[in-house]
Amino acid sequence: MADTRLNKKTSFCFFFFLIAAAPLPIPALHGRMAVDTGPYSSGPLPPDAIIGAGYVPGLPALGIPALRETDASLGVAFIMGLRHDGATALPSGLAEAASFSPELAYRAGAMIGRQARAKGFNVLLAGGVDLARDPRNGRNFEYAGEDPWLAGRIAGASIKGIQDQHIVSTIKHFALNDLETGRSVHNAVIGEAAARESDLLAFEIAIEQGRPGSVMCAYNRVNGPYACENPWLLNDVLKHDWHYPGWVMSDWGAVHAASAIMAGLDQESGQQFDSQIWFGAPLAASAASDPAVAARVRDAAARIAGTLRRIGVTNDPPHPTPIDVAADAAVSQASAEAGIVLLRNVGNLLPLSPRAVRRIAVIGGHADFGVLSGGGSSQVVGPEGAELIEKLGGNAPSDAAFRVKIFNGSAPLAAIRAMAPQAQVVFTDARYPAAAAHAARGADVAIVFATQWNGEGEDLPDLSLPDGQDAVIAAVARANPRTVVVLETGNPVLMPWQSAVPAILEAWYSGTRGGQAIANILFGVTSPSGRLPITFPAALAQLPRPVLPGEGQAPGTAFTVTYTEGSDVGYRWYAARHQAPLYPFGYGLTYTSFRLSSPRVLPGPTPRVTLAVTNTGPRAGTDTPQLYLTAAPHRTQQRLLGWARVTLAPGQTRTVTIDTDPRLLADWDQPGHRWSIAGGLYHFALGESATNLSLTAAATLPPSALPP
Ligand code: BGC
C-alpha cells in the first residue's frame, strides 16, 4: 500500500516537473464547441475531435490527451440535433433527487459514463447542483433540488458513478446560477455566511463525495465579479479552503478577460462564444511579460494533466464499444420509478386494479406518444430515434436552438394498455376542455397528463400549467370523480383544481422509459417512494421574490438579484415565515403506511439518531423518514440533517440510524473563517416531510469549531 502511494507521488512530481520544463502549455487551456455546421461552428473539426459540446487539443508530450466533451446532465446530449446516434435519457435531476437515493444516482451516473465512453468522450459536463432558490428557474430540472445536503449527496454520487468509468465529470455551474433570466449579466448578491451554508455547501458536499475532475464556473456575476473571474469563489473558497486539486473550466461564453487566470480560471471553454479567445494570444502575451501569469498557466495545465491521470483518462482512454440499450434503459426506468411522487390519493383511488377498470380515458400530454423532456444543452434523444418535436419559436431571449419541446418516445398510453389488456383505453388530446370532459364521462377512471416545459436560457413567467390545462383538468374532474392527474413538469406548479381531483402523481420528466415507469406506479407494480426535493408553493406570493427578477427587462440588461432569504432556501424559508406550502419538501405518499417510533440521540462528536420504522399497512413499501434540526441554542432554523430510505414488508420493523454532518449544525463564522457549533441544547424532529414531524429529540452539544 505504502509503495503504491509512493509510486503515485513520484509519478506526479515527475509530471509537474515535465510541465514546468516545457514551453507554456497555452493550447491546453482553451477549446471550442465541437460542431462543424450550424451557427456555432468555427470551421472543420480536427481529426481527433468528435461532435460534442467541447474539444480541447491535447499536448501528448505533457501527458494531456485531447479533451472530447459532451453535455450529460441527464444522459449523453444530442448537441442541438447534431448527434444522431441516440442515448439513454435519464429522468430529470429533480426526479433523481426525489428518489432520495444516492445509490440510484450512482447507477445513473455510471450508466451515462459508460455510454459517453462508448461514444469516445472523456469529459462529461454533468453534475449540476445549483440550488432551487426559485421554482421558476428554467434549469431546476437539471439540478437536484433546494437542500444542500440532499443535492450535494445526489450530485456527488452521480459524479462518482461517472468517474468510476474513467471519465471526468464536471460539477456546475459554480456558483449561484440560480436563475436563467439574464444569466450572463445578472449579479447574484448574497452574504458569505449565507452562501457557505447553502449554495456553496451543496457544491462542497458534492465535491467531497464525487471528487469531480473539473468545476464549471457559471455565467452570472457573484457579489460583483463574474463567477469565472471571481477570486473569492475560485481561489479562496474552491482552491484554498476546499483544497480542490482539479481544474476550473468556464461555461460556454463566460470569459471576459485573460486576467481570469489569476482569479482561478484554468480553462476557457466554448471559446467561439466569447468576444475573443482570451486564453489564446492574450493569455500568451500576458504570460510572456509576467512570471506570475506564466506560473499560473503551468499550474492550470498541471491541474488538467494531474486530474486526467488521477481519474484514469490518460491510462485507460475511451474507445468505441457497444451499448447495452436495454440494460441502460432499465437503469433510467428504476430512477424514474423511484422519483415519481404520489401527491394525493383520496379514497385510495390508486393503485388501479387491472381487473376493476373496464374503461380508461387517457387525456392530454401527448400520452399517446411519449413523455416530455426539458430543453437546452442537456437535451437527450433516445436510441430509438422516434421523438415528437414541437418547435416553440417565440421571441424568448434564450437561444432559439434550445426552444424545442421533445417527447421521449415512451408512451404512457401503450404502457397503460399493456397493464390493463381487458380494458378499453381511449386517448383524447387536451385541446378543448369540453372534448376532454366528454371522453372522461362514464369511464372507470380518467387519467389526465399535464405538461410544463422548461428549458435552458429562460425562466418560467409563473407556476401555472400553460395552454389552458388547468381548465381541462377542472372539466375532467367535474365529469368524472375518479380522475388522476399525472404531472410531467420541470418545476412545481400551482394546482387550482387540487381539491376536486382525488389522485395526483408528480412524474417530472421521466426519461427513456417514462411511460412504463408511470404505468407501473399507476397500477401498483411499483409502490411510489419519491419525496419532493423542492417545495410546491401555494401561491407566487409565498416566494422570497414574488416577481421574477429581471422580468420585463430587455435581454442583456444587467440587474442585481439580492438573495435576501440568505441560507433559508425552500422549506427553510417556509419554516422561518410560518407559511404552509401546497406540498412541502420531503413529502410523498405511498400505497402502504408507516409508523416511526423510539427516537434516540446517540452521543458522539455530532449526534446520530436512531429510530424504528414499521410498515403498518397491507403492502410492501419504501419509507424515507427525515431528520431535521429545528432549533440551535441561538437560533430557530429548520435544516435537513439526514434521512434513511428503507423498504419493508407489511408488519416489518427496522431500526435505522441517521448520521449528521457537523456543518449542518454549525453556522459559518465569518470573522473566524470557520464553521462554528455553539454549545448548548439542540432540538431535532423526525417525520415524513419538512412539515409532518411527529417525533422530537434533543441533545446538548459542547461548543466546537471546524476549519472550512
Ligand atoms: C450551459 C452548460 C453547458 C454548456 C456546453 C452552456 O450553455 O450553461 O451547462 O455545459 O453550454 O454545452
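This text goes with the structure placed above it.
Below is a short write-up of the structure. (Residues numbered from 1 in each chain as written. Predicted model: local features only at pLDDT ≥ 70, side-chain atom pairs only at ≥ 80, totals over all residues. Heavy atoms only, no water.)

Right, let's get into the overall build of the chain. Tallying secondary structure elements over the chain gives 17 helices and 31 strands in all. Here the chain has a C-alpha radius of gyration of 25 Å; the compact-globule value for 708 residues is 27 Å, and the two agree. C-alpha extents for the chain along the principal axes are approximately 80 × 60 × 55 Å. Classification of the 708 residues of the chain by burial places 64% in the buried group. For the chain, the proportion of contacts with a sequence separation of at least 24, taken over those separated by at least 6, is 75%. Approximately 24,100 Å² of the chain is accessible, and the part contributed by carbon and sulfur atoms is 57%. Charged side chains of the chain number 53 positive and 58 negative; the gap between the two group centres comes to 6 Å. (Helix = DSSP H or I, 4+ residues; strand = E, 2+ residues; numbered from the N terminus. Rg over C-alpha atoms; globule rule 2.2 N^0.38 Å. Buried < 20%, exposed > 50% of the residue type's maximum accessible area, 1.4 Å probe, protein only. Contact = heavy atoms within 4.5 Å. Areas by Shrake-Rupley, 256 points an atom, 1.4 Å probe, with all protein chains shown as cover. Lys, Arg positive; Asp, Glu negative; His and termini not counted. Charge placed at Lys NZ, Arg CZ, Asp CG, Glu CD.)

With that settled, the discussion passes to the pattern of salt bridges. By the definition in use, this model includes 34 salt bridges. Salt-bridge contacts for Asp-299 lead to Arg-296; the nearest nitrogen and oxygen are separated by 2.6 Å. Remark: Arg-296 and Asp-299 occur in helix H10 (residues 291-311); sequence separation between them is 3 residues, near one turn of the helix. With a relative accessible area of 31%, Asp-299 lands in the partly exposed category. Residue class for Arg-296 comes out buried when judged on its relative accessible area of 12%. Across the pair Arg-608 and Asp-659 runs a salt bridge, and its minimum N-O distance is 2.6 Å. Residue Arg-608 is located in strand S21 (residues 608-615), and its partner Asp-659 is located in strand S26 (residues 653-659); the two are separated by 51 residues in the primary sequence. (Salt bridge = Lys/Arg side-chain N within 4 Å of Asp/Glu carboxyl O.)

Here we come to the packing of helix H3 (residues 102-118) against helix H4 (residues 148-163). Two elements in contact, H3 and H4, have axes whose closest approach is 6 Å; the angle formed by their N-to-C orientations is 35°. Crossing of H3 against H4: the hand is right-handed. For the pair H3 and H4, the contacting residues are Pro-102, Ala-105, Tyr-106, Gly-109, Ala-110, Ile-112 and Gly-113 in the first and Arg-153, Ile-154, Ala-157, Ser-158, Lys-160, Gly-161 and Ile-162 in the second. Split into classes, the residues belonging to the contact of H3 with H4 amount to 8 nonpolar, 4 polar and 2 charged. (Axes fitted to C-alpha atoms, helices over the stretch in contact; angles between N-to-C directions. Left-handed = near helix turned anticlockwise from the far one by under 90°. Nonpolar A, V, L, I, M, F, W, Y, C, P; charged D, E, K, R; others polar.)

Further remarks concern the sheet that holds strand S12 (residues 371-372). Pairing between the strands of a sheet comes from backbone hydrogen bonds, and it takes one of two forms, parallel or antiparallel. Within the open sheet, the 3 strands sit side by side as S12-S14-S13. Their pairing is antiparallel. The strands lining the two open edges of the sheet, one partner per strand, are S12 and strand S13 (388-391). Across 4 bridges, the pairing between S13 and strand S14 (residues 404-408) is antiparallel. Note that in S14 the partner of Lys-391 across the bridge is Val-404. (Pairing = 2+ DSSP bridges.)

Once that is clear, we can look at the packing of aromatic side chains. Under the criterion given, the structure shown has 11 aromatic pairs. Here Tyr-40 and Phe-273 contribute two aromatic rings whose centre-to-centre distance is 5.0 Å and whose plane-to-plane angle is 35°, an arrangement assigned as tilted. Here Tyr-40 is found in the loop between strand S1 (32-34) and strand S2 (52-56), whereas its partner Phe-273 is found in the loop between helix H8 (260-263) and helix H9 (281-289), with 233 residues between them in sequence. By relative accessible area, Tyr-40 is classed as buried at 18%. With a relative accessible area of 32%, Phe-273 lands in the partly exposed category. Considering the side-chain rings of Phe-100 and Trp-643, the 5.2 Å spacing of their centres and the 80° angle between planes classify their relative orientation as edge-to-face. One end of the pair, Phe-100, is in the loop between helix H2 (93-98) and H3; the other, Trp-643, is in strand S24 (residues 635-643), with 543 residues separating them in the sequence. No difference in accessibility class separates Phe-100 from Trp-643, as the two residues are buried. An aromatic cluster is defined as three or more aromatic residues linked by ring pairs; in this entry it consists of Phe-100, Tyr-571, Phe-585, Tyr-628 and Trp-643. Of note, Arg-133 hangs over the ring of Tyr-563, and the distance from its end group to the ring centre comes to 4.8 Å. Note that Arg-221 overlies the ring of Tyr-226, its terminal NZ or CZ placed 4.0 Å from the centroid. (Phe/Tyr/Trp six-rings, centres within 6.5 Å; stacked < 30°, edge-to-face > 60°. Lys NZ or Arg CZ within 6 Å of the ring centre and 35° of its normal.)

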